[in-house]
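Topology and contacts: notes
Here's the letter readout for the chains.
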Amino acid sequence: YQYQRPPSCLCPSHSRSYRLSPTTTPLRRLLVVWFRGKDLRLADNLVLDRAISLRQQHPATTDIVPFFCFDPRWMRPSRCGPFRARYLIETVDDLRRNLRALGSDLVVASGAPEEHIPKLVLPGTRCTVFAQGEVASEEVAAERAVRRAIDDFGTLELVWGNSNMYHPDDLR
């Protein structure tokens, strides 16, 4: 089965981007941009910039899939009140509109990202997941879970600088 790539470097949503044909073979590389909540923008987004620059090195064999997951670990009432939840939903919707204006889309899921990210990857495809690096223990635990979930076919690359004043190595 082959992935039939859309014209944009940012693949459309999961439902439309994985059109399979029995006579073709999958992409060799998929770049997932995992938007995590503090980086829900296109302008000055270092995570997205990193994925786009890598794709430009191999445009014929690489695609980018923007991804956001409403993780129940973050959406619980003690962490995310109704006003914050509404703001997050509106911001995700705005990000999706901005991506669609560029001919792309945003894959939006509800649940643990480590369960949904592997579903984006076709068999035989290598995957790199790009995400904003975080330092809080719950976010780091989510990074470890995603890393374990994609270990057989991909890697997680953390990008620092979108929401951190200092790189964590500079604080040691």
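Residues numbered from 1 in each chain as written. Predicted model: local features only at pLDDT ≥ 70, side-chain atom pairs only at ≥ 80, totals over all residues. Heavy atoms only, no water.

The next subject is the overall build of the protein. Scanning the protein from N- to C-terminus turns up six helices and seven strands. Its helices and strands taken in sequence order, the protein reads β-α-β-β-α-β-α-α-β-α-β-α-β from the N to the C terminus. Considering only residue pairs separated by 6 or more positions, the protein has 77% of its internal contacts joining residues 24 or more positions apart. (Helix = DSSP H or I, 4+ residues; strand = E, 2+ residues; numbered from the N terminus. Contact = heavy atoms within 4.5 Å.)

This brings us to the pairing of strand S5 (residues 107–110). By the alternation rule, side chains of S5 split into Val107 and Ala109, which are all buried, and Val108 and Ser110, of which none is buried. Bridge count between strand S4 (residues 62–70) and S5: four bridges; the pairing is parallel. For phenylalanine 67, the partnering residue across the bridge sits in S5 and is valine 107. (Buried < 20%, exposed > 50% of the residue type's maximum accessible area, 1.4 Å probe, protein only. Pairing = 2+ DSSP bridges.)

Another aspect to go through is the nonpolar core. Core analysis: the largest hydrophobic core is formed by 20 residues, its most contacted members being Val32, Trp34, Phe67, Ile117, Leu120, Val129 and Ile150. Sorting the residues of this core by element identifies strand S3 (29–35), S4, S5, strand S6 (126–132) and helix H6 (137–149) as the ones contributing at least two each. With sequence-adjacent residues up to four places away left out, tryptophan 34 is seen in contact with Asp39, Phe67, Pro113, Ile117, Val129, Phe130, Ala131, Ala142, Val146 and Leu156. Among the nonpolar cores identified, the runner-up in size contains 18 residues, and Val33, Leu48, Leu106 and Val159 belong to it. (Core = buried A, V, L, I, M, F, W, Y, C linked by side-chain atoms within 4.5 Å.)

What follows deals with the sheet that holds strand S7 (residues 154–159). Reading across from one edge, S5-S4-S3-S6-S7 is the order of the five strands in this open sheet, with parallel pairing throughout. Every interior strand has two partners, whereas the edge strands, S5 and S7, have only one. Each strand of the sheet is rotated relative to its neighbour by a mean of 25°, with strand direction disregarded. In this fold helix H4 (residues 82–101) packs onto S3, S4 and S5, with an angle of close to 160° to the strand it touches most, S4. Strands in contact with H6 are S3, S6 and S7; relative to S7, the strand with the most contacts, it is inclined by about 155°. (Axes fitted to C-alpha atoms, helices over the stretch in contact; angles between N-to-C directions.)

Unusually for a residue other than glycine, aspartate 44 sits at a positive phi of about 50°. Look at aspartate 44 and you get exposed, because its relative accessible area is 54%.

What follows concerns the side chain of glutamate 143. Within the secondary structure, glutamate 143 is located in helix H6. In contact with glutamate 143, not counting residues within four places along its chain, are Arg36, Gln132, Gly133, Glu134, Leu156 and Leu158.

The next thing to look at is the confidence of the model for the protein. The predicted coordinates should not be examined in detail at positions where pLDDT is low. Across the protein, the average pLDDT comes to 80, with 78% of residues at or above 70. Averaged pLDDT values for the elements of the protein fall to 32 in strand S1 (residues 2–3) and rise to 96 in helix H5 (residues 113–116). Low pLDDT (under 50) marks residues 1–24, which in the prediction has 71 contacts with non-local residues, meaning those over four places away or in another chain. (pLDDT = per-residue confidence, 0-100.)

To continue, consider the pairing of S4. Regular strands show a simple pattern: their side chains alternate between the two faces of the sheet. In terms of burial, S4 is a largely internal element, nine of the nine residues being buried. Here S3 runs beside S4; their pairing, made up of seven bridges, is parallel. Bridge pairing in S4 links leucine 30 to aspartate 63. Between the parallel elements S3 and S4, the chain passes through helix H2 (residues 46–57) in a crossover that is right-handed. (Right-handed = clockwise from strand over helix to strand, strands pointing away.)

The next point concerns the environment of alanine 109. Within the element layout of this structure, alanine 109 appears in strand S5. Here alanine 109 falls in the buried class, since its relative accessible area comes to 12%. Residues alanine 109 and cysteine 69, spaced 40 residues apart in sequence, show a C-alpha to C-alpha distance of 4.6 Å. If near-sequence neighbours (up to four positions away) are discounted, alanine 109 is found in contact with Phe67, Phe68, Cys69, Phe70 and His116.

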